[in-house]
Structure formats: structure tokens, C-alpha cells
Amino acid sequence: MNEHIIKDENLVYKKPSTLLDVPMHYCPGCGHGTVHKVLMEVIEEMGIASETIGVAPVGCSVFAYNYMNVDMQQAPHGRACAFGTGIKRVMPDRYVFTYQGDGDLAAIGTGETIHAASRGENILTIFINNGIYGMTSGQMAPTTLPGMKSTTSPRGRDVETMGYPLVITNLLAQLPGVAYLTRHSVHKVANVRRLKKAIMKGFEYQKQGLGYCLIEVVTNCPSNMKMSALAANEFVEQHMLPYYPLGDIKTPEEK
Amino acid sequence: MGEIRLMKGNEALAEAMIRVGCDAYFGYPITPQSEVLEYLSEQDPMSRTGMVILQAESEVAAINMVHGAAGCGKRVITTSSSPGISLMQEGISYMAAAEIPCVIANVIRGGPGLGTIQPSQSDYFQAVKGGGHGDYKLIVLAPSTVQEMVNHVKQGFELAEKYRTPVMLLADGAIGQMMEKVELFPQIPRKKDSELPQEWATTGRGDRKLRNFITSLNIQPEKMEEINLHLQEKYRTIEANEVQYEANNLEGAEYIFTGFGMGARICNKAAELGRAKGYKIGVIRPITLYPFPVAIYNDVASKVKGIFDVEMNAGQMVEDVKLAVSGKTRVEFYGRMGGMIPSPEEILENFEKIFIK
Amino acid sequence: MTEEVIFAGFGGQGVLSMGQILAYAGMMEGKEVCWMPSYGPEMRGGTANCNVIVSDEPIVSPIISTYDTVVALNQPSLDKFESRIKPGGTLIYETSTVTNPPTRTDIKVIPISANETALELGNQKVFNMVVLGAFLAERKTISDEGLEKGLKQALPERHHKLIPLNMTAFAKGKEFVK
Ligand SMILES: Cc1ncc(C[n+]2csc(CCOP(=O)(O)OP(=O)(O)O)c2C)c(N)n1
Ligand code: SF4
């Protein structure tokens, strides 16, 4: 080994100090890992790790507290926004975020999401939309695309009987309590950078007390899409993004 | 002496929350306990003590707000009535598992189903035997007077914090709705942020190197069993130390009347009527339904001809009474259901029918 | 001394507040008190009632099924509660809303026309004080001063200017008892 090249000035990649040095349980190529890292980078760079409280969902990211070195609680399936509300109301000077999958946020927890947003709770939600139930192995999610196969829509999602995908982020835009809604992805480096900026804004807006902020990340689930990581990212680009187009949906100026 | 007021049980419960230094109340309206949130809204506790109140969108949301806020080490409470308490069960189970102190009051109405808004005691099993999923217990206090509604809020938080466990107050619609004279304890200041328990609460990491996290998840069964063993050990300690009951006229008693909450008060009246007719009747009223006062029943069992258990349900606590006496004496039950309240005369008449003739 | 009374009538007749004023008054005189309402949708226009117990002793059971006094302010209440009066007890009833008068002979029966009295006083709202006047004249549970103190507790501050009128109504009510 060329020991001499291991120097700070040669460093091209490192984990933020806010991420604990433990192996993650996520499948290879899964978007969760990338989003965890970006989120923790922002918290490190903003210097707010000691005053941030996070909420983990039920879903693949249930163990987020094993990786993120910020105080965290793990909520029952769908109830992260109620947890976030409870925490923020008694600790108003802390930064509070929830981290939730699509089943958690837009199926079983739709009520909690909409009402937290409607009350304008000063919390930030990171919403991982991978179009499928990851943790329970590939059942249909509220965000599963029409025609998309899952273990509970093996012939493809039939909108006649299974209904349409719930584009919940756009739905939330109507609520006056909502300050910031934006949709991102992590399938390309440039997109990851944009997501990082958005998360930073989300915390900034929270500091200013502007209201509810939600950042949707359209991502993959290679294991349950039964594809390689690369193919899953292509699927995201070709099929998911047309249905869930990237970009800002609501900004504080429009509030 | 503290301040004396004439108050409805529900209002007294609400006033006690403010005075005990609660940091937050989350709840959803349901008869017969809606006066709790109404009273709080009227009082504006934020201006009195800085206490947060919030009308949640459902009981499911309310209990999870409680979890979030109580997970920060704050004093947090919610109240509801039977159907709402059913909805909260998942959250309660999570809190028992994650060892989060909090107080939950159930002002019971008659069930099952939507049932009736009239008073009942039919949620005994739900409160005492678990209610939600998994092997856990709640400390359950059963107030029988408006005064106890007040006292139990304070005691409830003391127990919850001592054992890091949710505590349930099991009242009924009649106690919630009726007015009695109460003595209120003076205002207890809310905890400062610097007093929050840094060993476990999610307060923000502050100077700690490592985060605190609260979870009830443990994928490995070995680890999960360890947690269960720890919980069970805690429950044994609670059983050894926290039993409360009230007993009267046990000396020379041939019969024991027993019941809890409102049922016990009616039993006491029935026993008075019975004693006037020459029957030797003592009364036992468990104040903690969990831990159940097993020993006192077992003690009296060998000295009496029988125990007459009266409840506003189909016979729930009576199972624990039977377990406690383990066959040493005859245990009989009389109850009314669906929001009906037995009268003292009715109780005595049924006692005579069963035990005397 | 223990007085167990039920006030029963239509929702809107001030039945619940009558009982509350009595309970407040009992408390002001240092007695043990308990006020137990019927509650729920039946209050909206239907029948309403409340039990009040005032006692020198701690109150064992707030649930009672027989009464020292029944105050019946409409026919259904009279029909329901007449039989539940303890022998030697008292029945007070409002004549304007009762067409079939009571029949028991082992109790003291006091007919009143509190409606008419309230109308004469020009304020239907003092109906409850007229009734309480009749009740306390017969069942001397608490003093007149105690009642006035109780009224002050029960009435929101902004209605305190109406206390003199209420006490006049109370005095008028007492006249029903000879
Ligand atoms: C009350 C309840 N119902 C169902 C489940 C089972 N469950 C666990 S995770 C999950 C779906 C998670 O999907 P999603 O939120 O999309 O997150 P992902 O795993 O895809 O990241 C379900 C249904 C549960 N834990 N609790
Ligand atoms: S199952 Fe899907 S969402 Fe879950 S870790 Fe694996 S790839 Fe990621």
C-alpha cells in the first residue's frame, strides 16, 4: 500500500461525523443510505447535531437511529409526524425531522401527515418515495405506478380496482400551513447535490419558523424491484420521474 | 389546607394536570370526557404555566404526540373514553416497551362498540391485562371520588417517573361528570430543560457524545427476551411496593363486598344498609387495579363466608379476586352493563338472594 | 343531617343549575356535597335531572335510588320519581306542566307555580331560584345566606348584577310553603 497517499489533502470522500461508524443494513445501491448520508452532512455542516431530534419510521429506515448520531425516537408505523408534533411542541428551539417511507407517510400515516402539515408544524419531513413497500418485501405502496408489479399487484397495478398513485406532496401544496415542498432524487450525483441544498433550506425555514417543510426523494428499491442498482436507477429516471417530476412544488415565497 | 372547590371530575382532572406541572396535553374530544380539553382550552395553561395543549386529529395521533413529547422527558398526559382508548393501544404498547413515563386517563363509557355515553367499568380487562399487544403492564389507578381524580394525577406522574412506565387512571363517566368538593394541591413548577433525564430522553444531544434513542424494536429474539425479562422484573418490583387499597369493617366480618371506583362507593352504601339489617359486612376497594391487592383478599378469605364482587360490567375484576383467594372462599358477582349503574338497595337484595336465603 | 334530592324536568328549565347552586351553597356552609347530572343528548330538549346530596357526613355513594325530596318540574319526571320518595319525604311539583297530580299520601306534597312567579318577576331565568326557594323553605338544608354565597359561586362574575333579582325570586319561592 502507498501509505503516503493517505493524507487529508488527498481525501475525496468521508463520512460525516454525524453518521456513526457502523455498517448499514440497507441493500446495495439502495437510496436510503445516500439520503442518510446527505441528511447527516447537512446537520454536520450546519452544526446543529446537538440540538436536533429525529424520528424514525417503521419501514426499511426503522433503524435510522443506529446510524444517525442525533437524538432519535422510533415511531409506530405512520405516526412519525405525530411524534414530530409532540417533540417540537415541547422542545420548540430544537430542530425536528421525521424520516418516512411512502407506506408510512402516505398510506397508514396519511392523516398524521396532512394534519401536521395543515397545522403548520415547524418540522421537516424527509419522504422516501420508492414506489413500494421495502421492509415487508415488495407489496404495493400508495405510490406504486399504474401497471407496476408488486407482490400484491402481481399483474401490475390496476387503477380500476387498486386506485391511482397518491401524489401526496402536490396534495399538501394547497395547505396554508405548508412552507416548503420540493421533490428530489439521488440517482445521479448532481441530484444528490441538489437534495443537499434542499435539506439545508428545510432546516433554515424551520429555524425561521415558517411552517411545515417536506422534501420528497424519489428513489429505488433494487431488491424489491428485482433489478440491479443501476437498472433500478434507470427505472426511476424513465418511469418514476415522469409521474413524480423533480423540482420545487411550493416555496415560502408562495406560502 | 389547599384551595377548596366544587368541581366536575373531568375539570378537576384537567386542573390537576396544570398544577402537577404538566408540559403537554394531547387529546381528541369524546363524551363523557370532553370537558377535559374544554376546561384546558378555557384556562389557557400556556399563559398559566407554559403548558402546551393541542387538539389532535385522532386518538391515534394524540397518543403518538404523547410518545414524542414524553420521549423528551417531559410530563405529558392524554385522556379519552373507551373507543378512543382502544385506538391508542398500539402507542401505549410502544411506550410500555420503550419505558416512557406518561399518564393516560380513561373515563369509561359503556361498550362494546360505539355503545353508550353512560358510565361503565367495562374496560377493566383492557387496562389491567394489557390492552395492546405484547407482555406489558400499566400501573392502573382507579379513582372513586373527584378528589381522587386530582390526587391520582399527581400520584400517577410520580409512579410513571419512578418506574419509567405509562400509568392509567381508570375512571368512569359518572366520576367524570359529577361535582364534588375537592382540595387542590398548590402549583408544582414545570421541570426546567436542564432537569430532563439525560440518561434516556431525546432532548437533543447537547454535550453528550453519543445520541439517545428510543425504540421498542429488537430484531434478535435473544435481545427482545432480555428486554421482556427486564420489564417483568420491573413489574414484580411494582407488585411488591405499590399496592394500594382501602378496607373497612373487616374485623369480625362474615362477608366482604368489593368493587372499584364508583362501583366501590355504591358497595359501601350497600354494606351500610346490610349492616343496619344485622349482616356483618366488610368492604375492600382496590385503589391500584394493577398491582392488584392480592394479599388482603387472600388474608380475609379464610375468615369469611364469602366475597361479593360488584362491578359495572359483566364480571372482570372478579377474576382477579378469584385468583387472589385461590378457592379459599366463595366468590360471587353482581354487575350491570351498558351504562347502567346498580343501586345500593339492588346490590343488597342480590347479596341476600345469593348468600343468605 | 343528610338530604338526598333529585331535580328533574325539561332540559332548558335550569334543572342542572338548580342542583349546582344548592351544591355550591352546601359547600360554602362547610358541608359535604355531591352533584350528579344525567348527561348526554337527552339533555337537548328532552328530560334532564340531577341528584344532589348535602350532608354533614362524608358521602358514601353518589348513586341513590330513593330520595328525601323529589322536585318534579314536568309530568314525565313526576311519573318516574314519585314512587322513589322515601316515606315521610317531600314532593315538590310545578303545577303548570303537570296534568296528573301525584297520588301518594305518605309524603308531603307541595304544588308550586314557579313559572307564573318567574313571569311576574319579568325574567324566566329566575324560575330555578323560585323552585329553590320552595325547596329550602321545606327542607332546611342550608341557610339563606349560604344559598346567596352559593349563587355567587355558581354564577359567572358578569351575571352578579342579577343576584338581587335572584334573591327576590328565592324569597317568592319560599312563600309556596305554608
Ligand atoms: C401497524 C402496522 N401495520 C403494518 C406493519 C408492517 N409494515 C412494516 S414496514 C411496512 C411498509 C413500509 O413501507 P414504506 O413506508 O414504503 O418504507 P420502505 O420500507 O419502502 O422504506 C409495513 C406495511 C407495521 N409494522 N405496523
Ligand atoms: S428493501 Fe428496498 S428500500 Fe429496503 S433497504 Fe432494500 S433496497 Fe432499500
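Residues numbered from 1 in each chain as written. Chains lettered and ligands numbered in written order. Predicted model: local features only at pLDDT ≥ 70, side-chain atom pairs only at ≥ 80, totals over all residues. Heavy atoms only, no water.

Examining the interface of chain C and chain B
Accessible area lost when the parts come together is the quantity often used to give the size of an interface. Keep this limit in mind: The contact rule is simple, with two residues in contact once any of their heavy atoms fall within 4.5 Å. When two parts are put together, the accessible area they lose, computed with a 1.4 Å probe and summed over both, is reported as buried area. Salt bridges are defined by distance alone: a side-chain nitrogen of Lys or Arg within 4 Å of a carboxyl oxygen of Asp or Glu. Under this definition, polar contacts are N or O atom pairs within 3.5 Å; protein pairs additionally need one hydrogen-donor-capable and one acceptor-capable atom, and for neighbouring residues in sequence, both atoms have to be side-chain atoms. Strands here mean DSSP runs of E at least two residues long; helices mean DSSP runs of H or I at least four residues long; both are numbered from the N terminus. By the convention adopted, Pro, Cys, Tyr, Trp, Phe, Met, Ile, Leu, Val and Ala count as nonpolar, Lys, Arg, Asp and Glu as charged, and the other residues, Gly among them, as polar.
In this assembly, 23 residues from chain C lie in contact with 27 residues from chain B. Of the roughly 1900 Å² buried at the junction of chain C and chain B (both faces included), carbon and sulfur atoms supply 67%. Its largest share of buried area at the contact with chain B, chain C owes to Y39, V60 and I63 of chain C, together 37% of the area lost on that side. A salt bridge links K181 of chain B to E32 of chain C; the shortest N-O distance between them is 3.7 Å. On inspection of chain C and its partner chain B, the count reaches 5 residue pairs in polar contact (both at pLDDT 80 or more). Elements represented by at least two residues in the side of chain C that touches chain B include exactly α1 (15-28) and β2 (32-37) of chain C. Take the side of chain C that touches chain B: its biggest share by element is 6 residues, from β2 of chain C. A breakdown of the residues in the side of chain C that touches chain B according to their chemical character gives 14 nonpolar, 6 polar and 3 charged.

Examining helix α10 (residues 229-243) of chain A
For an α-helix, the turn length of 3.6 residues means that residues three or four places apart are oriented alike. Residue and element names in this part refer to chain A. Spelled out, the test is: The span one expects for a helix is its residue count, reduced by one, times 1.5 Å. What the bend at a residue measures is the angle between two axes, fitted to the seven residues ending there and to the seven starting there. Each residue gets one of three labels from its accessible area relative to the maximum for its type: buried under 20%, exposed over 50%, partly exposed in between, using a 1.4 Å probe on protein chains only.
For α10, spanning 15 residues, the distance from its first C-alpha to its last is 20 Å, which sits close to the expected 21 Å at 1.5 Å a residue. Remark: the principal bend of α10, roughly 35°, maps to V236. Within the sequence span of α10, burial applies to A232, F235, V236, M240 and L241. Packed against the buried residues of α10 are β4 (124-129), β8 (212-218) and α9 (222-225).

Side note on the confidence of the model for chain C
Convention followed: As a per-residue quantity, pLDDT reports the predictor's confidence and falls between 0 and 100.
Residue-level pLDDT values for chain C average 94, and 97% of them are 70 or greater. Here the predicted complex scores 0.93 on pTM and 0.91 on ipTM.

Some points on the site of ligand 1
Applicable threshold: We call a residue near a given molecule or strand whenever any one of its heavy atoms falls within 4 Å of it. Only the protein chains shown count as cover for residues, and all accessible areas are computed by the Shrake-Rupley method using a 1.4 Å probe.
Among the 17 residues in the neighbourhood of ligand 1, the closest are listed as H32, C60, D102, D104 and G134 of chain A. Ligand 1 sits at the junction of chains A and B, each of which supplies nearby residues. D102 of chain A places a polar side-chain atom, nitrogen or oxygen, 2.6 Å from an oxygen atom of ligand 1. With the chains in place, 77% of the 590 Å² that ligand 1 exposes on its own is no longer accessible.

A short note on the interface of chain B and chain A
Each partner contributes residues to the interface: chain B has 38 residues there, and chain A has 35 residues. Roughly 2900 Å² is buried in total at the junction of chain B and chain A, and carbon and sulfur atoms are behind 58% of that figure. There are 2 salt bridges connecting chain B and chain A. As a salt-bridge pair, R119 of chain A and E57 of chain B come within 2.9 Å of each other at their nearest N and O atoms. Secondary-structure elements contributing two or more residues to the side of chain B that touches chain A are β2 (24-27), β3 (52-55), α4 (59-70), α6 (89-98) and β9 (213-214) of chain B. A class-by-class count of the residues in the side of chain B that touches chain A yields 17 nonpolar, 12 polar and 9 charged.

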